[in-house]
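Here is how the chains run, residue by residue.
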Amino acid sequence: MKEENGRIYITCDKLRLILAEHQNSIGKSKMVGVEKIITSIAFWVPMALADFSKWGKIGLVVQIILILFGISLMIYGIFEIIKCIRNPFDKDVLYGEIEEANLMKEHPHSIVLIKDTFNQNANRFLVYYDARWDCKLFLNYSTITSDFKQDEDNIAKHLQMELKLPQNNLEGAFEFEQVHEKYSVSAKENRCYCHRFYVFRIKKFTDEISQDSFEIDGKKFCWMSIAEMENDKRIMEANSDIVSMVKKVA
């Protein structure tokens, strides 16, 4: 796999097709051709030296046929060796074809869940406006490593910069990971996505980020409940799967 501890997702039909295309190559090596050559020599050389004269012309014809058959088998063995050398097929080639059909093409992302714990009944999450998607989304960053702690530290650094908070004011932990299938508009097919969810707690809120909506360095943020997200048409069009996952654990 391209990344350590990565995943490959492929439909059963596609996997069967790949394996069927290579059913005659899997497990084959140059030694198969060598074996054919040795077998053919062991066959046609004795045939060439044998005496078929006692059967007259029929014996001569049979002898020639058997010799030609042995030589043909030897030529086929040579062809097999050349084919294996020119177009080697091994586990790496097979893996490459399977990985090429991998449905999980997108980079995994870490979703960050921060609640408005400055309120007595904290039921809202911090979201931001993403211009590319024209949608309000949970804070999210590329998952940089399979190590949860390193990924958590990377998220903390981003939050410090984006929310202008000191490191000792943030406390985070991995919550859960979800792999799911979703239709990709750009690829025009179902793709598998892997999302990690981290819950971060802000120990002490500044006056600025305690507002219902605020802006830092040109990035717009606001607090929204799951119910408010479900009533937002654009959020449900672009991000209903993530909202649903968060709702289950909120």
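Because the structure is a prediction, the values reported are computed rather than measured.

Below, the discussion takes up the side chain of Asp116. For Asp116, the position within the fold is in the loop between strand 1 (109-114) and strand 2 (124-130). Side-chain polar atoms of Asp116 contact the side chain of Arg124, separated by 2.8 Å. If near-sequence neighbours (up to four positions away) are discounted, Asp116 is found in contact with Ala122, Asn123, Arg124 and Trp223.

Taken as a whole and judged by the stated rule, the model has 8 aromatic pairs. Aromatic side chains Phe118 and Trp223 sit 5.5 Å apart centroid to centroid with 75° between the ring planes, which places their arrangement in the edge-to-face category. In this pair, Phe118 is assigned in the loop between strand 1 and strand 2 and Trp223 in strand 7 (residues 219-225), connecting sequence segments 105 residues apart. The exposure class of Phe118 is partly exposed, given its relative accessible area of 28%. When its relative accessible area of 4% is taken as the criterion, Trp223 is described as buried.

Our next topic: the pairing of strand 3 (residues 135-142). Alignment of strand 1 against strand 3, held across 4 bridges, turns out to be antiparallel. When the bridges of strand 3 are listed, His109 appears paired with Ser142. The hairpin formed by strand 2 and strand 3 contains 4 residues between the paired strands, and Asp134 there has a positive phi angle of roughly 50°.

So, on to the pairing of strand 7. Counting buried residues in strand 7 gives 5 out of 7 residues, a clear majority hidden from the surface. With 5 bridges joining them, strand 2 and strand 7 adopt antiparallel strand pairing. Considered in strand 7, the bridge of Phe125 is made with Met224. Where strand 6 (residues 213-216) meets strand 7, 4 bridges bridge the pair, whose relative direction is antiparallel. Opposite Phe214, over in strand 7, you have Phe221 as the bridge partner. Once strand 6 ends, the chain turns through 2 residues before running back antiparallel as strand 7, passing Asp217 with a positive phi of about 50°.

Here we take up the pattern of salt bridges. One pass over the structure, following the stated rule, counts 10 salt bridges. The partner of Asp212 in a salt bridge is Arg124, and the shortest N-O contact between them spans 3.0 Å. Taken as a pair, Asp212 in the loop between strand 5 (189-202) and strand 6 and Arg124 in strand 2 lie far apart in primary sequence, 88 residues in all. Exposure remark for Asp212: the relative accessible area of 52% places this residue in the exposed category. In this structure Arg124 comes out as buried when scored by relative accessible area, which is 14%. For Arg201, the salt bridge is made with Glu171, and the minimal N-O distance between the two is 3.2 Å. On the criterion of sequence distance, the pair formed by Arg201 in strand 5 and Glu171 in strand 4 (residues 170-184) is long-range, its members being 30 residues apart. A single salt-bridge network, built from bridges that share partners, covers Asp116, Arg124 and Asp212.

Further remarks concern the environment of Gln178. Looking at the secondary structure, you find Gln178 in strand 4. Considered as a pair, Gln178 and Tyr193 are 15 residues apart in the sequence and their alpha carbons are 8.2 Å apart. Excluding residues that lie within four positions of it along the chain, Gln178 makes contacts with Tyr193, Cys194, His195, Phe197 and Met245.

Now for the environment of Ala42. Examined against the element boundaries, Ala42 turns out to sit in helix 2 (residues 30-49). Spatially, the C-alpha atom of Ala42 lies 8.6 Å from that of Gly70, the residues being 28 residues apart in sequence.

Take the nonpolar core next. A general trend in soluble globular proteins is that nonpolar side chains are found buried together. Counting residues in hydrophobic clusters, the biggest one holds 40 residues, and the most contacted among them are Ile114, Phe138, Leu159, Leu163, Phe200 and Met229. Top element by residues in this core is helix 7 (residues 233-249). It accounts for 6 residues. Those residues in contact with Phe200 that sit more than four places away from it in its chain are Val112, Leu113, Ile114, Lys115, Glu152, Ile155, Ala156, Leu159, Leu170, Glu171 and Gly172.

Conventions adopted
- Residues numbered from 1 in each chain as written.
- Predicted model: local features only at pLDDT ≥ 70, side-chain atom pairs only at ≥ 80, totals over all residues.
- Heavy atoms only, no water.
- Helix = DSSP H or I, 4+ residues; strand = E, 2+ residues; numbered from the N terminus.
- Polar contact = N/O pair within 3.5 Å; in protein donor to acceptor, adjacent residues only side chain to side chain.
- Contact = heavy atoms within 4.5 Å.
- Phe/Tyr/Trp six-rings, centres within 6.5 Å; stacked < 30°, edge-to-face > 60°.
- Buried < 20%, exposed > 50% of the residue type's maximum accessible area, 1.4 Å probe, protein only.
- Pairing = 2+ DSSP bridges.
- Salt bridge = Lys/Arg side-chain N within 4 Å of Asp/Glu carboxyl O.
- Core = buried A, V, L, I, M, F, W, Y, C linked by side-chain atoms within 4.5 Å.

Note that all results are geometric; they support no functional claim without further evidence.
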